[in-house]
Amino acid sequence: MRLLCASLMCCFSTLAVSDQPELEWCLDDFPNRHSYPEQGAPYGPTVDFMQELAKRADIRIRFSPNTPFSRCLRMMQQGRTDLMTSLNTSQDRQQFMHLIPYDHARPEVLYLRKDAADIWSVSELNTLHLMVIRGYTYNAAVLNMVAQHGQTIEVDSLESGLTMLLLGRADVLLAPAQSSRNLIQSNSRYHNQFKTASLTFQLSEPRFVHLGLSKKSPHAPLKPRLSEAIESMVADDLIHRYFHGAPALADQ
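Now for a quick tour of the structure. Remember, predicted model here, so these are calculated numbers, not experimental data.

**A look at the overall build of the chain**
Scanning the chain from terminus to terminus reveals 10 helices and 10 strands. Per-residue burial over the chain gives 46% buried out of 252 residues. Of the contacts made within the chain by residues no fewer than 6 positions apart, 76% connect residues no fewer than 24 positions apart. Accessible surface for the chain amounts to roughly 13200 Å². Of this, 52% is attributable to carbon and sulfur atoms.

Written out as structure tokens, the structure is:
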């Protein structure tokens, strides 16, 4: 009888787990946000955030393989994966993703080589070769400035931009503040090589960092459940605990 009860409890437990929807989170290796080692599972503040979200939303999270950010976006558009994190909003992304806000975004900064002359005005910036990151969603005011800049260079990634800046192949890199800081801190090659310009950009209106849910995902109807779980995490001040106790994390 005792054995039968144990077997039934095991069966009920298995059924309860299998009833939970399993969503794939598409992610890459992003030091100080979510590190993806060659061996073992991803870890970091965003992983903690997603695990708590899964618990509160009564879902399971499956990690994708280590996947470049731009490929994750394409997979979201095609419905081949379910979730992405740390996203800016844009009209293009709104076409194929539900975007659920969970943190405040921060303005971008201009990075210079440490020995370069400082920049105080847009007119000074306009005389220099400016790098922007392909696929990154800048705020509208910055985009207007970039559109009027005559010497813009697109780079494939933040790391490519920092490397080109280090080698003197361009003058300035327009980049997300905290993810740049995190990457510089994690790579000894970049230590004490850069500084931020005095010219800064202020957000004209509040911007947010979002969780993205593919509209083509079979789990797209779970948006209200995910939104409710995130609202409860914000109310419990968990976003501050995950992302601002350590150096703040930026959006993409």
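**Section: the sheet that holds strand S8 (residues 172-176)**
One open sheet holds the five strands; their spatial order is S7-S6-S8-S5-S9, and the pairing between them is mixed. Only two strands of the sheet have a single neighbouring strand rather than two, namely strand S7 (152-155) and strand S9 (194-196). Across the sheet, the mean angle separating the axes of adjacent strands is 35 degrees when strand polarity is ignored. In this structure, strand S5 (residues 108-113) lies alongside S9, joined through three bridges in antiparallel fashion. Counterpart to leucine 112 in the pairing with S9 is lysine 195. In this fold helix H7 (residues 158-166) packs onto S5, strand S6 (130-133), S7, S8 and S9, with an angle of close to 155 degrees to the strand it touches most, S8. The strands that helix H8 (residues 177-186) touches are S5, S8 and S9; relative to S8, the one it contacts most, it runs at about 105 degrees.

**Points about the packing of aromatic side chains**
Inspection of every chain in the model, using the stated rule, returns three aromatic pairs. For the ring pair tryptophan 25 and phenylalanine 63, a centre distance of 5.9 Å and an interplane angle of 50 degrees mean the geometry is tilted. Placement of the pair is tryptophan 25 in strand S1 (residues 22-25) and phenylalanine 63 in strand S2 (residues 60-63), with a sequence separation of 38 residues.

**Side note on helix H3 (residues 69-78)**
Residues of H3 that are buried: Phe69, Cys72, Leu73, Met75 and Met76. Viewed along the axis of H3, the buried residues span an arc of 165 degrees, placing them on a single side of the element. Looking at the buried residues of H3, the elements they touch are S1, strand S3 (83-87), helix H4 (91-96), strand S4 (97-104) and strand S10 (208-214). Residue glycine 79 follows H3 closely and has a positive phi angle near 75 degrees.

**Describing the packing of helix H2 (residues 45-57) against helix H9 (residues 223-235)**
Between H2 and H9, the shortest axis-to-axis distance is 9 Å and the interhelical angle comes to 115 degrees. Pair H2 / H9 crosses with right-handed handedness. Where H2 approaches H9, its residues Phe49, Glu52, Leu53, Arg56 and Ala57 are matched on the opposing element by Arg225, Leu226, Ala229, Ile230, Ser232 and Met233. Its residues assigned to classes, the contact of H2 with H9 shows seven nonpolar, one polar and three charged.

**Here we look at unusual backbone geometry**
You will see that aspartate 58, though not glycine, has its phi angle at about 60 degrees, which is positive. With respect to the element layout, aspartate 58 can be found in the loop between H2 and S2. A positive phi angle is found at asparagine 192, which is not glycine, with a value near 60 degrees. With respect to the secondary-structure elements, asparagine 192 resides in the loop between H8 and S9. Asparagine 192 sits in the exposed class, given a relative accessible area of 62%.

About the criteria used
- Residues numbered from 1 in each chain as written.
- Predicted model: local features only at pLDDT ≥ 70, side-chain atom pairs only at ≥ 80, totals over all residues.
- Heavy atoms only, no water.
- Helix = DSSP H or I, 4+ residues; strand = E, 2+ residues; numbered from the N terminus.
- Buried < 20%, exposed > 50% of the residue type's maximum accessible area, 1.4 Å probe, protein only.
- Contact = heavy atoms within 4.5 Å.
- Areas by Shrake-Rupley, 256 points an atom, 1.4 Å probe, with all protein chains shown as cover.
- Pairing = 2+ DSSP bridges.
- Axes fitted to C-alpha atoms, helices over the stretch in contact; angles between N-to-C directions.
- Phe/Tyr/Trp six-rings, centres within 6.5 Å; stacked < 30°, edge-to-face > 60°.
- Arc of directions from axis to C-beta.
- Left-handed = near helix turned anticlockwise from the far one by under 90°.
- Nonpolar A, V, L, I, M, F, W, Y, C, P; charged D, E, K, R; others polar.

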